[in-house]
There are 2 protein chains.
Amino acid sequence: MAEPLRRRLPLLPLLLLAAGGLRAAERSGGSSSAMEELATEKEAEESHRQDSVSLLTFILLLTLTILTIWLFKHRRVRFLHETGLAMIYGLIVGVILRYGTPSTSGHDKPFSCSQEDRPFTTLLVNVSGKFFEYTLKGEISPGKIHNVEQNDMLRKVTFDPEVFFNILLPPIIFHAGYSLKKRHFFRNLGSILAYAFLGTAVSCFIIGNLMYGVVKLMKLVGQLSDKFYYTDCLLFGAIISATDPVTVLAIFNELHADVDLYAVLFGESVLNDAVAIVLSSSIVAYQPTGENTHAFDAAAFFKSVGVFLGIFSGSFMMGAVTGVVTALVTKFTKLHCFPLLETALFFLMSWSTFLLAEACGFTGVVAVLFCGITQAHYTYNNLSVESRSRTKQLFEVLHFLAENFIFSYMGLALFTFQKHIFSPVFIIGAFVAIFLGRAAHIYPLSFLLNLGRRHKISWSFQHMMMFSGLRGAMAFALAIRDTATYSHQMMFSTTLLIVFFTVWIVGGGTTPMLSWLNIRVGVDPDQDPPPTNDSFQVLQGDGQDSAQRNRTKQESAWLFRLWYSFDHNYLKPILTHSGPPLTTTLPSWCGLIARCLTSPQVYDNQEQLREEDSDFILNDGDLTVTYGDTTITANGSSGPHTATTNLDSRRTKSSSEEALERDLGAADHEVTSRGTRLVFPLEYNA
Amino acid sequence: MAEPLRRRLPLLPLLLLAAGGLRAAERSGGSSSAMEELATEKEAEESHRQDSVSLLTFILLLTLTILTIWLFKHRRVRFLHETGLAMIYGLIVGVILRYGTPSTSGHDKPFSCSQEDRPFTTLLVNVSGKFFEYTLKGEISPGKIHNVEQNDMLRKVTFDPEVFFNILLPPIIFHAGYSLKKRHFFRNLGSILAYAFLGTAVSCFIIGNLMYGVVKLMKLVGQLSDKFYYTDCLLFGAIISATDPVTVLAIFNELHADVDLYAVLFGESVLNDAVAIVLSSSIVAYQPTGENTHAFDAAAFFKSVGVFLGIFSGSFMMGAVTGVVTALVTKFTKLHCFPLLETALFFLMSWSTFLLAEACGFTGVVAVLFCGITQAHYTYNNLSVESRSRTKQLFEVLHFLAENFIFSYMGLALFTFQKHIFSPVFIIGAFVAIFLGRAAHIYPLSFLLNLGRRHKISWSFQHMMMFSGLRGAMAFALAIRDTATYSHQMMFSTTLLIVFFTVWIVGGGTTPMLSWLNIRVGVDPDQDPPPTNDSFQVLQGDGQDSAQRNRTKQESAWLFRLWYSFDHNYLKPILTHSGPPLTTTLPSWCGLIARCLTSPQVYDNQEQLREEDSDFILNDGDLTVTYGDTTITANGSSGPHTATTNLDSRRTKSSSEEALERDLGAADHEVTSRGTRLVFPLEYNA
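Just so you know, these numbers come straight off a predicted model, no measurement behind them. Residue numbers here run from 1 along each chain, matching the order of that chain's written sequence. Each chain is given a letter, starting from A, and each ligand a number, starting from 1, according to the order in which they appear as written. Note on the predicted model: pLDDT of at least 70 is required for a residue's local features to be given, and 80 or more for side-chain atom pairs to be given and counted; whole-chain, interface and lining totals, by contrast, use all residues. Note that the side-chain values use all heavy atoms of the structure and ignore hydrogens as well as water.

Focus on the overall build of chain A
- When its secondary structure is counted, chain A shows 28 helices and three strands.
- Three labels apply to residues, based on accessible area from a 1.4 Å probe with only protein chains included: buried if under 20% of the type maximum, exposed if over 50%, partly exposed otherwise in between. Going through the 686 residues of chain A one by one, you find that 65% of them count as buried.
- In chain A, of all internal contacts separated by at least 6 residues, the share reaching a separation of at least 24 is 80%.
- Note on areas: these come from Shrake-Rupley sampling with a 1.4 Å probe, and a residue is covered only by the protein chains present in the view. A total of about 24,500 Å² of accessible surface is found on chain A, and carbon and sulfur atoms cover 64% of it. Comment: elements are numbered from the N terminus, with helices defined as DSSP H or I runs of at least four residues and strands as E runs of at least two. The contact rule is simple, with two residues in contact once any of their heavy atoms fall within 4.5 Å.

A closer look at the packing of helix α12 (residues 339-359) of chain B against helix α13 (residues 364-382) of chain B
All names here are of chain B.
- Packing of α12 against α13 brings their axes to within 9 Å, and their N-to-C directions diverge by 150°. One element, α12, and the other, α13, form an angle in the roughly antiparallel class. α12 and α13 meet at a crossing whose hand is right-handed. Along its contact with α12, which presents Glu342, Phe346, Ser350, Thr353, Phe354, Ala357 and Glu358, the element α13 presents Gly364, Val365, Ala367, Val368, Cys371, Gln375, Thr379 and Asn382. All axes are obtained by fitting lines to C-alpha atoms, using only the stretch in contact for helices, and the reported angles, taken between N-to-C directions, cover 0 to 180 degrees. Just so you know how the angles are binned, under 35 degrees is roughly parallel, over 145 roughly antiparallel, 65 to 115 roughly perpendicular, and the rest oblique. Should the near helix be turned anticlockwise from the far one by less than a right angle, the crossing is termed left-handed; should it be turned clockwise, right-handed.

Things to note about the pattern of salt bridges
- Basic side-chain nitrogens of Lys or Arg form a salt bridge, by our definition, when they fall within 4 Å of a carboxyl oxygen of Asp or Glu. In the structure shown here, the tally under the stated rule is six salt bridges over all chains.
- The salt bridge involving A:Arg390 is made with B:Glu396; its shortest N-O contact spans 3.0 Å. Of this pair, A:Arg390 sits in helix α14 (residues 385-416) while B:Glu396 is found in helix α14 (residues 385-416), placing the two residues in two different chains.
- Where B:Glu268 meets B:Arg438, a salt bridge forms, and the shortest distance between an N and an O atom there is 3.3 Å. Here the residue B:Glu268 occupies a position in helix α10 (residues 259-285), and B:Arg438 occupies one in helix α15 (residues 424-452), the gap between them amounting to 170 residues.

A few points about α15(B)
- What a helix should span is 1.5 Å times the count of its residues minus one. In this model, α15(B) (29 residues) spans 43 Å end to end at C-alpha, consistent with the 42 Å of a helix rising 1.5 Å per residue.
- Bend, in this description, refers to the angle at a residue between axes fitted to the seven residues ending there and the seven starting there. Maximum bend of α15(B): about 25°, positioned at B:Ser446.

Remarks on the packing of aromatic side chains
- In this analysis, rings of Phe, Tyr and Trp, with Trp reduced to its six-membered ring, are considered paired at centre separations within 6.5 Å, and the interplanar angle assigns stacked below 30 degrees, edge-to-face beyond 60, and tilted for intermediate values. The tally for this structure, following the rule as stated, stands at 60 aromatic pairs over all chains.
- Ring centres of A:Phe346 and A:Phe395 lie 6.1 Å apart, and the angle between their planes is 65°; on these two criteria the pair is classed as edge-to-face. Here A:Phe346 is found in helix α12 (residues 339-359), whereas its partner A:Phe395 is found in helix α14, with 49 residues between them in sequence.
- Residue class for A:Phe395 comes out buried when judged on its relative accessible area of 4%.
- Geometrically, the ring pair formed by B:Tyr99 and B:Phe415 is edge-to-face, given 6.4 Å between the ring centres and 75° between the ring planes. Here B:Tyr99 is found in helix α3 (residues 82-100), whereas its partner B:Phe415 is found in helix α14, with 316 residues between them in sequence.

Things to note about a nonpolar patch on the surface
All names here are of chain A.
- The patches reported here contain residues having more than 30% relative accessible area and no salt bridge. Joining distances are 9 Å for like charges and 5 Å for nonpolar side chains (Val, Leu, Ile, Met, Phe, Trp, Tyr). A contiguous nonpolar patch, built from Leu210, Ile428, Val432, Phe435 and Leu436 and spanning about 470 Å² of accessible area, is present on the exposed surface.
- Considering each element in turn, the nonpolar patch owes the most residues, four residues, to helix α15 (residues 424-452).
- Within the secondary structure, leucine 210 sits in helix α7 (residues 189-220).
- A relative accessible area of 33% means that leucine 210 is categorised as partly exposed.

Thoughts on the state of the cysteines
- The disulfide criterion is simple: two cysteine sulfur atoms within 2.5 Å. Applying the stated criterion across every chain, the model contains zero disulfides over all chains.
- No disulfide involves A:Cys371; its sulfur sits 14 Å from that of A:Cys360, the nearest cysteine.

Here's the deal with the nonpolar core
- The criterion is simple. A nonpolar core is a set of buried Ala, Val, Leu, Ile, Met, Phe, Trp, Tyr and Cys residues joined through side-chain atoms within 4.5 Å. Grouped together as the largest cluster of nonpolar side chains are 307 residues, with contacts concentrated most on A:Phe426, A:Met464 and B:Phe164.
- Leave out the neighbours within four places in its chain, and B:Phe164 touches B:Phe159, B:Leu169, B:Pro170, B:Phe405, B:Ile406, B:Tyr409, B:Phe476, B:Ala477 and B:Ile480.

Quick notes on the environment of A:Ser54
Residues and elements named next belong to chain A.
- Structurally, serine 54 is set in helix α2 (residues 35-74).
- Under the relative-accessibility criterion, serine 54 is labelled buried at 1%.
- Put simply, serine 54 and lysine 334 are 280 residues apart on the chain and 45 Å apart in space, counted from C-alpha to C-alpha.

Digging into the side chain of B:Ser315
Residue and element names in this part refer to chain B.
- Looking at where serine 315 falls in the secondary structure, it is placed in helix α11 (residues 298-332).
- With a relative accessible area of 0%, serine 315 lands in the buried category.
- Ignoring anything within four residues of it in the chain, the contact list for serine 315 reads Phe362, Thr363, Val366 and Ala367.

A look at the environment of A:Gly177
Residue and element names in this part refer to chain A.
- Position of glycine 177 among the secondary structure elements: in helix α5 (residues 161-178).
- Classification of glycine 177 by relative accessible area gives buried; the value is 1%.
- With 193 residues separating them in the primary sequence, glycine 177 and phenylalanine 370 have C-alpha atoms 6.6 Å apart.
- In contact with glycine 177, not counting residues within four places along its chain, are Leu369, Gly372, Ile373 and Ala376.

Here we look at the environment of B:Ala484
- The topology assignment puts B:Ala484 in the loop between α17 (473-480) and α18 (486-508).
- A C-alpha to C-alpha distance of 9.2 Å links B:Ala484 and B:Lys419, two positions 65 residues apart in sequence.

Some thoughts on the side chain of B:Thr495
All names here are of chain B.
- Structurally, threonine 495 is set in helix α18.
- Overall, the relative accessible area of 1% leaves threonine 495 in the buried class.
- In terms of polar contacts, threonine 495 uses its side chain to reach the backbone carbonyl oxygen of methionine 491, at 2.6 Å.
- Once residues lying within four places of it in the same chain are set aside, the contact partners of threonine 495 are Phe236, Ile239, Ile240, Ala475, Phe476 and Ala479. Polar contacts here mean pairs of N or O atoms no more than 3.5 Å apart (in protein, one a potential hydrogen donor and the other a potential acceptor; neighbouring residues in sequence count only if both atoms are side-chain atoms).

Remarks on the packing of α14(B) against α18(B)
Residue and element names in this part refer to chain B.
- Where α14 meets α18, the axes come as close as 11 Å, and the angle between the chain directions of the two elements is 125°. In terms of orientation, α14 and α18 fall into the oblique class. Taken as a pair, α14 and α18 cross one another with a handedness that is left-handed. Here α14 contributes Phe407, Met410, Gly411, Ala413 and Leu414 to the contact with α18, which in turn contributes Phe492, Leu496, Leu497, Val499, Phe500 and Val503.
- Residue type decides the class: Asp, Glu, Lys and Arg count as charged, Ala, Val, Leu, Ile, Met, Phe, Trp, Tyr, Cys and Pro as nonpolar, and the leftover types, Gly among them, as polar. A breakdown of the residues in the contact of α14 with α18 according to their chemical character gives ten nonpolar, one polar and no charged.

Here we look at the confidence of the model for chain A
Residue and element names in this part refer to chain A.
- Per-residue confidence from the predictor is reported as pLDDT, a score between 0 and 100. For chain A, per-residue confidence averages 71 on the pLDDT scale, and 66% of positions sit at 70 or higher.
- Between residues 114-118, whose pLDDT stays under 50, and residues either more than four places distant or in other chains, the model counts 18 contacts.
- Predicted complex, confidence summary: ipTM 0.75, pTM 0.76.

A word on helix α7 (residues 189-220) of chain B
Residues and elements named next belong to chain B.
- Taking 1.5 Å of rise per residue, the 32 residues of α7 would be expected to cover 46 Å, and the 45 Å separating its terminal C-alpha atoms lies within 8% of that figure.
- Along α7, the sharpest kink reaches roughly 30°, centred on glycine 199.
- Looking one or two residues beyond α7, the residue adopting positive phi is glycine 222, at roughly 75°.

So, in structure tokens, the structure goes:
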């Protein structure tokens, strides 16, 4: 009865997510009444309805997932994480769609008509006197033409791969940056950077080379039916090097496992996502000149390295700049009186980072990550209390929905994706390669890092990191981006299986693994680790004061000390309401600027404001750099993590250091609650 | 330097909003290296970049709007509302885009190729051996073919009209339903329904007929260059009858103007949006048989009426059902321990309403409205405190962004829309018609309603309602949906001007108007109006007890009393944790079901739980229906709004009534804070 009305309502709600099955209904004038137009309208209407149904399927899937997650949490089931659950439900729906729906649709006959030159983006087609506008969707390889004519429902639930990259990943990545536990992140910054950059590169090249061997082997035994280049293998290495220990971290969070291990794992996974994206882009950009297009070419290689550095630093700058602009705006306007405006501004500025980076040719997802970190480091301090919780909660919800959507789509894709190529040799080879790649990433790097670290990374932590190298949303999004060729299809299918395996089997084994490795759980993240039995301290129980001092110096290298003092003395006072007044830190000839930039609040309660300045962990001696006016009796045994600290020696520390240390605890409490992915009932510490 | 990498990143971020300028880049395999492919890739890359830039334009526009809003609020400027501001900025950017950018783009040559039958939704085109897939975008009237080839930037900022209807309106409408001030809404339900249904229909027909006269006149003087049917005029009537007093309500909120006037205006505008949507759909569905397709046809008319009733009730049911399902789920699971899950579920269920209604052929926007009301009435009570604020804030932000986006787009559209037809006669006629239509809507209906109302709608209130008949987002979205024909283009241009005029001139005049009409401001919404000088009471100062009682009976007609007792005795206990236990309200033979459905909390603290049951305003005597066990000494002068109440007579009331009345105040406080659109500093009551 209500049918005729729907004809003017095409599928726009779906634009939000369902780009794959997008077929716009035509909007025709009201004056003609030909039969074929009615038929087309009916068809468009039907298509719109199907789009709604397919999106509804996903929403119901997510709803079901949420309810089961609740049940699992309620019953304290820990062997399966919510993302694993989402995948299972996706799988079930995929099977139903695959085998339970009719397999052909009658009215999607492709129409061929030859053009001479290159394809236009817009096409006008004359159909019995009426003109219709068409837009270019993409190239189809000649062999696949008949695949266009496939199961309607399967097509509907197949999204454009770029949806994942440009709509679903940004909130996930932004949330990761925004919820970094800054204290522990910065304390372990050196290790995190080493793992993320060096480690990911090592892992990528090892996996790439191993897979090239596997591919050679497959060619030898005749298992390969199409081309598979060395660059494809490297691309696979980059794709699969993006770890996503969401399952492990959720369990860590729930069990209150060691915060440093958490920080290293989380920091590494966040940054290595960015590295993997840029790495895969660089590998794609690797185009040697001449005919032999897939051999090694030094010029092309260096160009790729240049591209890597260019994109990475460009995206980093974009993210940092929009973060800084937001901080300045929120500092110098009194926007915090209107939390709604503040939240909206925060959201828009963070989104504009993505668009700005894309518009400039950088990678939006990476920019969004650094924007999130900058926002958390500066802007967050300027926000009103209400906006802090609003922004936190807004991105938490977006992150939760996007993540579960991706994982349930993964489950679905195993059955609904039409071009799977499962090669047992390749899959087994890939599993071995990621294991070896992870091992070659963690153990040697940890050894090197331990040479310089005061708090050694213990063997059990190394094993846990090795174990936690799960693959997830990022690997999937990178793999699904390009499934045009044989090699990419095989890589996609393999990635999907690896994600399934790691999330279900490895993720489920986290709790047993933790207890097997004797990793401390039930840690209150606000507290520093107890002075004895700290797993980070195992290797240095006999450390002397001087040796310790020396290591500390190494760890807090000049670069970080420089950055910290710069951040504390200039950036924080300029961008937030905290830190020392600029009038004291800037040279006297910039007096006017300093007065303009310094927040009036700083003068009022300078002592109290230090509380907000708590993101950087202080190592001994750092304070002599930052507070030139107070002399610190650095007795070598101070600092938050030393094994020999006793209350009396703490008492002798200078007041400024003590105050800052106290502040760290206070602020970390706040940061911790922000980092919590899901709100667990706190009573059950294992 | 980073350019080649961008080729695999088409415009998906834009799918979110920018459907108009959508031109997907092709994803080609890695093996070919022909020059034209590179050219196409460059082009796609360029297109992606332009898309990013155009979306960035909107985001910067919104950012600028937010900052200026803050400045205005900060300086307490009230002559221009934020939406008016958004339009001004949109206008400025529109002018820049229109006159500041080069006007043609070289590479969008349309290509024509003839097909025999009807258009396919998917098209395969063979370009020098390679196949490209195209999707149908829509029909283009032959005269407009050359318009396809137009300013690139203008095209980029032109969204698919359906974006407004299917992406931007739902959060606005849902928020309206979710933030209804239930107490005052239900107290004035009869009047609101009358204004919304009868009033909108009257207004639509009066405007439609007046405009038909104008059109006839234009034809007479040769001002009309194409067809303009009677149904087009009626459609214009429906479009322009959707009032949107957002400006007025914001000012009311800020000045704490009379809550009943606020409730009536807000309720009317919310419901009349729904009525206008369905009305316009029904008018479009009005297709008389035979050759003379635009004359009156009784069969088609009744079909349209049927369609109206069908769509309206269907959408209502959809919204109510998903709301009820959400309430049941949140009641019977202990999801409130995990606010994130709860919020996500709430969001998904509310979104699924839209999709469900669309999939069933009803109107998603209308369904979403009723879903919002149901969620606020039932589900909200089951949510955890954190989820209440989360959901509230989430939809508040979405609403704010969507609304300001629409208004800034309106400003932009005045210059960037390519098919404006401004006819002075039509525009002047339209202004006169909406004035007369609004007058014919408000005054006669108010007169009729006052016959039955206990609290009369005073003249000043009627004038204020007349004055507040602004047009806004809904009228725009309805008008832009179909701009294919001459008549629709003229209607769109006229609607745009009407929206500008009403938001700027009429909206800006709200504060002077309020003081000119002597409407009470600075009312604490938690308090009932003071017993004297209440503008609602002016006409009945001499009302006797018996007469008053009589009027009350009329107002709280049997239908509402029946509904209230049903809601309070059955629905609330089933769907929420409040209300009397079902074991006492259901007949004894349903004992088992009653025990299962009743929340255990109800038994524990039945007395305290009544506090939550506070959404329905009680009229005298109602309690005798709902609480059969307590006899109430209805002394005729009780009830929250009587002029002659004194403290002693109140004391004599039965405890249950008194408790409920107390509760109403307590709960309304909560509801009020939910209804606040923006958080204003509360210190300045005019």
